Amino acid sequence: MRVYFVTSNDKKFEEASKVFSSFAIKLERINRKYVEIQADKLEEVAEFSARYLMDNTPKPFILEDSGLFIDALKGFPGVYSSYVFRTIGLQGVLSLMEGKSNRGARFLSVVAVVHNNEVVLCRGVCEGHISHTARGHGGFGFDPIFIPRGEKRTFAEMSAADKNAYSHRGKSMRLAAKYIAENMD
Ligand code: ITT
């Protein structure tokens with residue numbers, strides 16, 4: 001079976017492809033940047049984008065919206081993670097965290113599955129904390145400063161398989177792949 005994934009992010013595509021292949025589903029990429037509304041919740045952003053793309057995208061397709069939510073910064077950068085990474089970057093976020101004793105944070109991922117003009121949302125959460133320095137070269141985005149709960153390594157210090165086992169995206173993509181495997185043929 002083949003499912004399309006609309007994303008401009010190479011690393012998201014690699015991570016999701018590994019999950020889907022373990023469900024015997026081939027992910028095919030549509031490399032496209034699409035409109036994202038300004039909203040407080042990833043669910044609203046993902047659902048709007050899914051409906052926006054619905055008429056002109058081969059189905060079934062998925063898209064994903066994700067972000068890093070830091071407790072001491074009241075959830076910032078959250079839905080603005082992509083912009084914040086491109087502007088102030090890892091060092092900018094580490095500077096905002098200077099002197100903060102609560103370093104708790106979580107990554108969230110919402111996958112929208114679109115089939116037959118229906119949108120199903122699958123959510124994944126990874127709890128953890130922000131490191132004091134950037135460490136590791138794997139992964140992408142905020143991986144060098146995020147340590148999942150129960151670990152000493154940042155996501156960027158892990159293999160792709162270890163990151164997928166813990167990560168928000170590993171969880172949301174496993175739910176999406178399971179839903180597709182059970183409900184579509
Ligand atoms: P799309 O085309 O799929 O939208 P994008 O990179 O713009 O790609 P988002 O709008 O969902 O994706 O932005 C999420 C940002 O959150 C992403 O660019 C990273 O900066 C950060 N992020 C999300 N998941 C991450 C992960 O697993 N590791 C590190 N950073 C992550």
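Up top is the structure.
On a predicted model such as this, the values are computed, not experimentally measured, just so you know.

**Topic: a nonpolar patch on the surface**
Argument step 1. On the surface, Val35, Ile37, Phe48 and Tyr52 cluster together into a nonpolar patch covering about 330 Å² of accessible area.
Argument step 2. Tracing the chain through its elements places Val35 in the loop between strand S2 (26-30) and helix H2 (42-53).
Argument step 3. Given a relative accessible area of 40%, Val35 falls into the partly exposed group.

**Some points on the site of the ligand**
Argument step 1. Around the ligand sit 22 residues in total, of which Thr7, Ser8, Lys33, Asp143 and Lys163 are the nearest.
Argument step 2. A distance of 2.9 Å separates an oxygen atom of the ligand from a polar atom in the side chain of Lys12.
Argument step 3. Arg169 places a polar side-chain atom, nitrogen or oxygen, 2.9 Å from a nitrogen atom of the ligand.
Argument step 4. Of all the secondary structure elements, the ones that give two or more residues to the shell around the ligand are strand S3 (61-70), helix H3 (81-87) and helix H6 (168-183).

**Comments concerning unusual backbone geometry**
Argument step 1. The residue after Lys59, namely Pro60, is reached through a cis peptide bond having omega -5 degrees.
Argument step 2. Structurally, Pro60 can be placed in the loop between H2 and S3.
Argument step 3. With an omega of 0 degrees, the peptide bond between Phe76 and Pro77 qualifies as cis.
Argument step 4. Even without being a glycine, Ala24 presents a positive backbone phi close to 60 degrees.
Argument step 5. Along the chain, Ala24 falls in the loop between helix H1 (10-21) and S2.
Argument step 6. Positive phi, close to 50 degrees, is recorded for Asn116, a residue that is not glycine.
Argument step 7. Within the element layout of this structure, Asn116 appears in the loop between strand S4 (104-115) and strand S5 (118-130).

**Re the pattern of salt bridges**
Argument step 1. For the structure on display, the rule yields 16 salt bridges.
Argument step 2. Here Arg29 and Asp10 are joined by a salt bridge, their closest N and O atoms 2.9 Å apart. Highlighted residues: Arg29 in strand S2 and Asp10 in helix H1, separated in sequence by 19 residues.
Argument step 3. Judged by relative accessible area, Asp10 falls into the partly exposed class, the value being 46%.
Argument step 4. Linked through salt bridges whose partners overlap, the residues forming this network are Lys12, Glu15, Glu64, Asp143, Lys163 and Arg169.

**As for the environment of Glu64**
Argument step 1. Among the structural elements, Glu64 can be located in strand S3.
Argument step 2. Since its relative accessible area comes to 1%, Glu64 is described here as buried.
Argument step 3. Each C-alpha atom of the pair Glu64 and Asn164 lies 15 Å from the other, and the pair is 100 residues apart in sequence.
Argument step 4. Beyond its immediate sequence surroundings of up to four residues, Glu64 is in contact with Phe5, Lys12, Tyr34, Ser109, Val110, Val111, Arg169 and Met173.
Argument step 5. At a separation of 3.2 Å, a polar atom in the side chain of Glu64 contacts the side chain of Ser66.
Argument step 6. Within the structure, the side chain of Glu64 is placed 2.9 Å from the side chain of Arg169, a separation counted as a polar contact.

Criteria and cut-off values
- Residues numbered from 1 in each chain as written.
- Predicted model: local features only at pLDDT ≥ 70, side-chain atom pairs only at ≥ 80, totals over all residues.
- Heavy atoms only, no water.
- Patch = residues over 30% accessible without salt bridge, like charges linked within 9 Å, V, L, I, M, F, W, Y side chains within 5 Å.
- Areas by Shrake-Rupley, 256 points an atom, 1.4 Å probe, with all protein chains shown as cover.
- Salt bridge = Lys/Arg side-chain N within 4 Å of Asp/Glu carboxyl O.
- Helix = DSSP H or I, 4+ residues; strand = E, 2+ residues; numbered from the N terminus.
- Buried < 20%, exposed > 50% of the residue type's maximum accessible area, 1.4 Å probe, protein only.
- Near = heavy atom within 4 Å.
- Polar contact = N/O pair within 3.5 Å; in protein donor to acceptor, adjacent residues only side chain to side chain.
- Contact = heavy atoms within 4.5 Å.

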